[in-house]
Amino acid sequence: VQLVESGGGLVQPGGSLRLSCAASGFTFSNYWMYWVRQAPGKGLEWVSTINTSGGSTYYVDSVKGRCTISRDNAKNTLYLQMNSLKPEDTANYYCAAKSYGVPTPADYDYWGQGTQVTVSS
């Protein structure tokens, strides 16, 4: 099983990034998918969830209206479009997968290695 994130980087406040997560080694379309982040010196924070079909999405309040989670089951890829980025969005962003998922699970079946997002002028 592999989850490989990409798309992070350094961006100015107000800028945008699109994170991607390429999945392999499991049946991607059967898994709920998540974005989770960890800011420097802080714990893990759930960011967003998408169900298997992509028809239901969920967001932490701090990113609602600024971020959009999506998935392409044909490409086994998860995305997070991040707009109007703020310094407090600075974190390592992980994608995660869970079968029989729920909107905000306590644990996950699979994790990626993360991609760093830094929002700074």
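For the structure, check the block above.
Residues numbered from 1 in each chain as written. Predicted model: local features only at pLDDT ≥ 70, side-chain atom pairs only at ≥ 80, totals over all residues. Heavy atoms only, no water.

With respect to the pattern of salt bridges
And step 1. Following the criterion strictly, the structure yields five salt bridges and no others.
And step 2. Salt-bridge contacts for Arg66 lead to Asp89; the nearest nitrogen and oxygen are separated by 2.7 Å. With Arg66 in the loop between strand S6 (57-59) and strand S7 (67-72) and Asp89 in the loop between strand S8 (77-82) and strand S9 (91-99), the pair connects residues that are 23 residues apart, well separated along the chain. Accessibility assignment for this pair places Arg66 and Asp89 in one class, buried.
And step 3. In this structure, the salt-bridge partner of Asp107 is Lys98, at a minimum N-O distance of 2.9 Å.
And step 4. Salt bridges sharing common partners tie together Arg37, Glu45, Arg66 and Asp89. (Salt bridge = Lys/Arg side-chain N within 4 Å of Asp/Glu carboxyl O. Helix = DSSP H or I, 4+ residues; strand = E, 2+ residues; numbered from the N terminus. Buried < 20%, exposed > 50% of the residue type's maximum accessible area, 1.4 Å probe, protein only.)

Topic: the environment of Trp111
And step 1. Tracing the sequence through the fold places Trp111 in strand S10 (residues 110-111).
And step 2. Among the residues examined, Trp111 registers a relative accessible area of 36% and is labelled partly exposed.
And step 3. Through-space distance from the C-alpha of Trp111 to that of Val4 is 8.8 Å; in sequence the pair is 107 residues apart.
And step 4. Residues within four places of Trp111 in sequence aside, it is in contact with Leu3, Val36, Leu44, Tyr94, Cys95 and Ala96. (Contact = heavy atoms within 4.5 Å.)

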